[in-house]
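Here's the letter readout for the chains.
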Amino acid sequence: MVLAVVLRARAAARPVTRSFTSRAVDGFVGALGNTPLIRLEKVSKATGCNILAKSELQNPGGSVKDRAALGVVLDAEQRGVLKPGGTVVEGTAGNTGIGLAHVCRARGYRCVIFMPNTQSQEKIDLLRMLGAEVHPVPAVAYEHPQNYNHQAKAFAAGLENAVWTDQFDNTANADAHYRTTGPEIWAQTGGALDAFVCATGTGGTLAGVGRALKERSGGRTQVWLADPPGSVLHSYVTSGGKLKERSGGSITEGIGQGRITNNLGTFVEQLDGALNIPDEKTIAMMYDLLDSEGLYVGASTALNVVAAVELAQHLGPGKTVATILCDGAYRYQSRLFSKAWLQSKGLRDAIPEHLQKYAVLD
Ligand code: PMP
């Protein structure tokens, strides 16, 4: 009885507003994009700013990489290098492979994924369940010809009607965000956007969204990069264009970079700043987003939200800052919600006492 009263009072305090579109869309590809922009209540209140998160985990393949996957496939079709019944090949251990596997099923292509053999069985199984052919290969550095990226390229080169989609350096990736994600964020904020920040893997999201926002705002919207430990881009931006040797590592997946990819390209010169986010802050935010907003997100997303908060604090109250919800925690939950795993990474104590209850796995 008391609980019911409390719940009703809480619900009354937070009116729910939702708008629905009545339009039906065409299949997987039609359902891609047009994701909600979510105002994060707790961090907005704490900073006195509007902190907005583009919910890319609501794409039909579950991540921000669905748009890039569709972008590189459409580009290959338009260039005439991929014809009906052809093969799409990529080197990836993560969301790009999942996005490509979905898009390939939806458009009738064979999907072949090369990945380092250090990746979890769950990732291999998921891609195979989505119909992709997976080749785990020795986990060797990029300089080595057996590296999974080079093997993907060589495999595609040896087939008729096949394309290596080359997510890091094929700018059809960033262009997909330039044409869709960026303009959507601009429209959803009515152009009232002071800053955008996100982490980078290929750099496609940051450069594509960033370019679209800079163009529309006449340069007024600031665009910042967020980096996990072990990535060199933060030091590149803050120390005048020097690529420092990688040191340290991070529990985040899909982000962090050791070079300027073609997708990031010259946009790196237009960045207004960069933030380096330690894993301790990332993991605490991941648990807090679950507790305070009901959002079950992966570590790269939590890092993005920490960066948005720090940028909001830097800019001062009254500003609007946007970032990206990259994917859900589902693919990482056996680690990120395991007490033993968190302990092994020295991160268990980074989670505030009242949030420890969410680490339910041993
Ligand atoms: N978060 C996750 C979970 C990802 O898989 C990726 C893609 N590698 C990113 C963020 C970064 O996206 P982008 O490749 O566009 O820089």
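Residues numbered from 1 in each chain as written. Predicted model: local features only at pLDDT ≥ 70, side-chain atom pairs only at ≥ 80, totals over all residues. Heavy atoms only, no water.

**Student:** I tried to follow the site of the ligand on my own but got confused; where do I start?
**Tutor:** The immediate surroundings of the ligand are formed by 15 residues, with Lys-65, Gly-201, Thr-202, Thr-205 and Ser-300 found nearest. Contact between the ligand and Thr-202: an oxygen atom at 2.6 Å from a side-chain N or O atom of the residue. Here an oxygen atom of the ligand sits 2.6 Å away from a polar atom, N or O, in the side chain of Thr-205. Notes on the ligand: free accessible area 390 Å², of which the protein chains cover 94%. The residue inventory of the shell around the ligand, partitioned by class, reads three nonpolar, nine polar and three charged. (Near = heavy atom within 4 Å. Polar contact = N/O pair within 3.5 Å; in protein donor to acceptor, adjacent residues only side chain to side chain. Areas by Shrake-Rupley, 256 points an atom, 1.4 Å probe, with all protein chains shown as cover. Nonpolar A, V, L, I, M, F, W, Y, C, P; charged D, E, K, R; others polar.)

**Student:** Honestly, the sheet that holds strand β9 (residues 273–276) in this entry has me stumped. Any pointers?
**Tutor:** Each strand in a sheet pairs with its neighbour through backbone hydrogen bonds, running either in the same direction (parallel) or in the opposite one (antiparallel). As summarised here, the arrangement of the six strands in space is β1-β2-β10-β7-β8-β9, forming an open sheet in which the pairing is mixed. Both edges of this open sheet fall to β1 (37–39) and β9, since each of them pairs with a single strand only. The mean angle between the axes of side-by-side strands here comes to 25°, regardless of whether they run parallel or antiparallel. In this sheet, strand β2 (residues 50–55) lies alongside β1 in antiparallel orientation, the contact comprising three bridges. By the bridge assignment, Leu-37 is partnered in β2 with Lys-54. (Pairing = 2+ DSSP bridges. Helix = DSSP H or I, 4+ residues; strand = E, 2+ residues; numbered from the N terminus. Axes fitted to C-alpha atoms, helices over the stretch in contact; angles between N-to-C directions.)

**Student:** Looking at this structure, I do not really get the nonpolar core. What am I missing?
**Tutor:** Ile-283, Tyr-287 and Leu-336 are the most contacted members of the largest nonpolar core, which has 44 residues in total. Sorting the residues of this core by element identifies β2, β7 (195–199), β8 (222–227), α11 (279–293), α12 (299–315), β10 (320–325) and α14 (339–344) as the ones contributing at least two each. Among the elements that take part in this core, α12 stands out by supplying 10 residues, more than any other. Sequence-distant contacts of Tyr-287, that is, excluding residues within four places in its chain, are made with Leu-336, Phe-337, Leu-342, Ile-351, Leu-355, Tyr-358 and Ala-359. (Core = buried A, V, L, I, M, F, W, Y, C linked by side-chain atoms within 4.5 Å. Buried < 20%, exposed > 50% of the residue type's maximum accessible area, 1.4 Å probe, protein only. Contact = heavy atoms within 4.5 Å.)

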